[in-house]
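Below, each chain spelled out in residue letters.
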There are 2 protein chains.
Amino acid sequence: MIRTPYLLFLGDAPDPLAAKVAQGIRDWRPEFAIGQFRMEGCKADMRLPDMNFQEARAAGAQTLVIGVANRGGVISKAWKAVLIEAIEAGFDIASGLHNLLTDEPDLVAAAQAHGRELHDVRVPSVEYPIANGEKRTGKRCLAVGTDCSVGKMYTMLAVDAEMRAQGQKSTFRATGQTGILITGSGVPLDAVVADFMAGSVEWLTPDNEPDHWDMIEGQGSLFHVSFSGVTMALIHGGQPDALILCHEPTREHMRGLPGYKLPSLQQVRDTALTMARIANPDCEVIGISVNTQHLSDAEAVEYLASVEAEMGLPAVDPFRQGAARLVEALVGKQSNLAA
Amino acid sequence: MIRTPYLLFLGDAPDPLAAKVAQGIRDWRPEFAIGQFRMEGCKADMRLPDMNFQEARAAGAQTLVIGVANRGGVISKAWKAVLIEAIEAGFDIASGLHNLLTDEPDLVAAAQAHGRELHDVRVPSVEYPIANGEKRTGKRCLAVGTDCSVGKMYTMLAVDAEMRAQGQKSTFRATGQTGILITGSGVPLDAVVADFMAGSVEWLTPDNEPDHWDMIEGQGSLFHVSFSGVTMALIHGGQPDALILCHEPTREHMRGLPGYKLPSLQQVRDTALTMARIANPDCEVIGISVNTQHLSDAEAVEYLASVEAEMGLPAVDPFRQGAARLVEALVGKQSNLAA
């Protein structure tokens, strides 16, 4: 658990895109984002108050979150000096960098000297159990994709936000480093040892109130040969009651796999349901989330209508249209289950 | 790669069953098993020459393999003294124990002093790549099970042995610690980090001669919610041309999961083929291996005949009947592919 709220470290970001993590926090957990810290030459701006470490501490910030991808994956000398200053000012530090904070002896020494914590969200910090498959109370929804990087995290963050806006009980459950930094907790599933993958997902989505929904961030795709095992563990460890299919309609091949075509939504629906019903016979697909960023408004509307007609399920782009119709489908399922 | 041949360490085995690894080596790689080393009170006997370390070294043994499960998973003081003696006599040591050899400073020091290697086959020693899904030359057969521990390793060792006896090109590819100790190499798949599972299987089964078969040891089951992700990675990383379904017909529920019934062979066939054909559209199920150890001879014959009729595929118990009919089906597939 990363202590909130945050001061967002934008460093010397070479461009706004490099600050994807900071952007995610500002968009999805604005209440965690007290301010931003920028170094000379920083090309990103979250439009948050620029604060030095003393100001941010005084405003209540607990953790400096590395909100930016660094060059070459290493912690530069310039960054190092700044991070040590932050620790001395009383900050924990949280990072998803490939270069682990805890592999840097001077950061570790500073954190020990000042009683602060270093969070490397790229590596698991918990000894997860082996999955036991036992039915848990509460409800769970999982995003499954036709491919990697089609908008599963965005979709589930949007559904979770809409659920809570409607007064429903919902918790976003992060399974990747960006999601963990945004929400302050989760499981870095791609870094979990094979035998404990499904168990880590069970651990992440424990017993809960009967009308509480875990919105589980998906990873990979059953149809992506590099990462399908990770997706499988999510489906069985998460024992979802509901699936949301996620798709990006302009991909010519699976991400990183030029020889592999994307599956159809029907194929993903059928395969994912077959597997999901092993752990939860009541599982249903409740809707489809389409990332239409590469389509015009008119194309997007037309495409969504055609998917909706073909699949007989609500099809929306939550970025363009919000997630209300997906929530409606989920809440409908909830009443059906209760009936 | 573990250097062969071996001296088999049986330690103070409390009963013959504890020496499962030694038994596997003696059964499947008798040419690796130069002799056995037993301590006082050992209740296991591989019917190999009892040798001290000097005798075994003189006979050519390179590695002392821990062929026995120890009590409580720890390396006792009594074992420790003996293992250090072995290192001093010029042995490498290979072990699948939970208590790693390399976590014992005195073993590490002895190995360094004498220039010997310590192999903990429970943990990966290779940085595996992320799977790229590219089609490889050569052929691959994978065992997939209705459940865990139904005889997948045994089946593939038997098929591999029969292939080689018939003069076919075949290599058993171990994916678990017992298989690795038996054959001297492999991937401890259950200990590989999630993102690299499929890549480790690609690494294990590289390009080969067009008529060479990799016989890939299966793990878990697509229908076992604790380990299905591992099975999935084997199916996509292995890109098999052929599957052999493995089954144990007397199980009342999935191993370790009282609430989960076993799937039918039809369900496993359909699900495994759907997933396998993503990576290899030509994949086929070529036969069924049934572990009939809990059936009488008559029951076994009757059961196998009924499976064969239902599935339209050869169904054999390789322990009782040998693997010739499975090999026949594989070699038939090979001619079909070539045609």
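Keep in mind that this is a model prediction, so the values were computed, not measured.

Thresholds, definitions, all that
- Residues numbered from 1 in each chain as written.
- Chains lettered and ligands numbered in written order.
- Predicted model: local features only at pLDDT ≥ 70, side-chain atom pairs only at ≥ 80, totals over all residues.
- Heavy atoms only, no water.
- Pairing = 2+ DSSP bridges.
- Helix = DSSP H or I, 4+ residues; strand = E, 2+ residues; numbered from the N terminus.
- Contact = heavy atoms within 4.5 Å.
- Axes fitted to C-alpha atoms, helices over the stretch in contact; angles between N-to-C directions.
- Buried area = accessible area lost by both parts, 1.4 Å probe.
- Salt bridge = Lys/Arg side-chain N within 4 Å of Asp/Glu carboxyl O.
- Polar contact = N/O pair within 3.5 Å; in protein donor to acceptor, adjacent residues only side chain to side chain.
- Nonpolar A, V, L, I, M, F, W, Y, C, P; charged D, E, K, R; others polar.
- Right-handed = clockwise from strand over helix to strand, strands pointing away.
- Least-squares fit on C-alpha atoms with pLDDT ≥ 70 in both.
- UniProt positions renumbered as here; feature names shortened; annotations may be inferred.
- Buried < 20%, exposed > 50% of the residue type's maximum accessible area, 1.4 Å probe, protein only.
- Disulfide = S-S within 2.5 Å.

Quick look at the sheet that holds strand 10 (residues 284-290) of chain A now. Two strands in a sheet stick together by hydrogen bonds in their backbones, pointing the same way (parallel) or opposite ways (antiparallel). All names here are of chain A. Spatially, the six strands line up as an open sheet ordered 7-8-6-9-10-11, and their pairing is parallel. Only two strands of the sheet have a single neighbouring strand rather than two, namely strand 7 (169-173) and strand 11 (315-316). Where strand 6 (residues 139-145) meets strand 9 (residues 242-247), five bridges bridge the pair, whose relative direction is parallel. Its bridge partner lying in strand 9, Ala143 is registered against Ile244. Running at roughly 160° to strand 7, helix 5 (residues 152-165) makes contact with strand 6, strand 7, strand 8 (212-216), strand 9 and strand 10 of the sheet.

Okay, the interface of chain A and chain B next. Listed by partner, the interface residues are 33 residues for chain A and 33 residues for chain B. Here chain A meets chain B over a buried area of about 2,500 Å², counting both sides, of which 64% is carbon and sulfur. Across the contact surface, chain A and chain B share zero salt bridges. Scanning the region where chain A abuts chain B turns up 10 residue pairs in polar contact (both at pLDDT 80 or more). Sorting the residues of the side of chain A that touches chain B by element identifies helix 7 (197-204), helix 8 (228-238) and helix 9 (265-279) of chain A as the ones contributing at least two each. If one sorts the elements of the side of chain A that touches chain B by residue count, helix 8 of chain A sits on top with six residues. Classifying every residue of the side of chain A that touches chain B by side-chain character gives 21 nonpolar, 10 polar and two charged.

A few words now on the pairing of strand 2 (residues 33-38) of chain A. Residue and element names in this part refer to chain A. Examined bridge by bridge, strand 1 (residues 6-11) and strand 2 share five bridges and lie parallel to one another. Counterpart to Tyr6 in the pairing with strand 2 is Ala33. With helix 1 (residues 20-28) bridging strand 1 and the parallel strand 2, this β-α-β connection has right-handed handedness.

Attention shifts here to the relation of the copies chain A and chain B. The transformation that overlays chain A on chain B combines an axial shift of 0.0 Å with a rotation of 180°, and the residual RMSD is 0.0 Å. On the angle and the small slide along the axis, the relation comes out as a two-fold axis.

With that out of the way, let us pick up the UniProt feature "domain: D-glutamate N-acetyltransferase-like C-terminal" (unreviewed entry) in chain A. With numbering matched to this structure, UniProt assigns "domain: D-glutamate N-acetyltransferase-like C-terminal" (unreviewed entry) to residues 130-327 of chain A. Split by type, residues 130-327 of chain A is 39% helix and 16% strand. Its first and last C-alpha atoms lie 32 Å apart.

Here we come to the pattern of salt bridges. Oppositely charged side chains can form a pair if their charged atoms are brought close together. Taken as a whole, this structure holds 38 salt bridges over all chains when the rule is applied. A salt bridge links Asp50 of chain B to Arg38 of chain B; the nearest nitrogen and oxygen atoms lie 3.0 Å apart. Placement of the pair is Asp50 of chain B in the loop between strand 2 (33-38) and helix 2 (53-58) and Arg38 of chain B in strand 2, with a sequence separation of 12 residues. Among the residues examined, Asp50 of chain B registers a relative accessible area of 44% and is labelled partly exposed. Under the relative-accessibility criterion, Arg38 of chain B is labelled partly exposed at 32%. As a salt-bridge pair, Asp214 of chain B and Arg173 of chain B come within 2.6 Å of each other at their nearest N and O atoms. Taken together, the residues span a long stretch of sequence, with Asp214 of chain B in strand 8 (residues 212-216) and Arg173 of chain B in strand 7 (residues 169-173) at a distance of 41 residues. Classification of Arg173 of chain B by relative accessible area gives buried; the value is 17%. Among the charged side chains, a salt-bridge network with shared partners connects Arg3, Asp92 and Arg116 of chain A.

Let's shift gears to the state of the cysteines. Each disulfide consists of a covalent bond between the sulfur atoms of two cysteine residues. All names here are of chain A. Taken as a whole and assessed by the stated rule, the structure comprises zero disulfides over all chains. Of the cysteine sulfurs around Cys246, a residue in no disulfide, the closest is that of Cys141, at 8.8 Å. A residue is classified by how much of its surface remains accessible, and Cys246, at 0% relative accessible area, is buried.

With that settled, consider the environment of Ser289 of chain B. All names here are of chain B. Along the chain, Ser289 falls in strand 10 (residues 284-290). The class for Ser289 is buried, based on a relative accessible area of 3%. Here Ser289 is in contact with Thr155, Ile244, Leu245, Cys246, His247, Val316, Pro318 and Leu326, once residues within four sequence places are set aside. At 2.7 Å, the side chain of Ser289 and the side chain of Thr155 are in polar contact.

So, on to unusual backbone geometry. Glycine aside, negative phi is the norm for most residues, and most peptide bonds take the trans geometry. Residue Pro5 of chain A is reached from Thr4 of chain A by a cis peptide bond, and omega for that bond is -5°. Within the fold, Pro5 of chain A resides in the segment before strand 1. For Gln239 of chain B, which is not a glycine, the phi torsion comes out positive at approximately 35°. With respect to the secondary-structure elements, Gln239 of chain B resides in the loop between helix 8 (228-238) and strand 9 (242-247).

Now for the environment of Ala44 of chain A. All names here are of chain A. Mapping Ala44 onto the fold places it in the loop between strand 2 and helix 2 (53-58). Judged by relative accessible area, Ala44 falls into the buried class, the value being 1%. C-alpha separation for the pair Ala44 and Leu17, spaced 27 residues apart in sequence, amounts to 7.8 Å. With residues up to four places along the chain from it excluded, the contact list for Ala44 reads Leu10, Ala13, Asp15, Pro16, Ala19 and Arg38.

The UniProt feature table records "domain: D-glutamate N-acetyltransferase-like N-terminal" (unreviewed entry) at residues 38-124 of chain A. Summarising residues 38-124 of chain A: 32% helix, 14% strand, and an end-to-end C-alpha distance of 29 Å.

On the basis of relative accessible area, Asp214 of chain A is assigned to the buried category, the value being 0%. Other than its neighbours up to four places away in sequence, Asp214 of chain A contacts Lys139, Arg140, Cys141, Thr171, Arg173, Thr205, Pro206 and Asn208 of chain A.

All names here are of chain B. Judged by pairing direction, the sheet is parallel, and its six strands sit side by side in the order 7-8-6-9-10-11 without closing on themselves. This sheet does not close on itself; its edge strands, each paired only once, are strand 7 and strand 11 (315-316). Pairing of strand 6 (residues 139-145) with strand 8, which is carried by four bridges, proceeds in the parallel orientation. Residue pairing in the sheet places Arg140 in a bridge with Asp214 of strand 8. Lying over the sheet, helix 8 contacts strand 6 and strand 8, oriented at roughly 165° with respect to strand 6.

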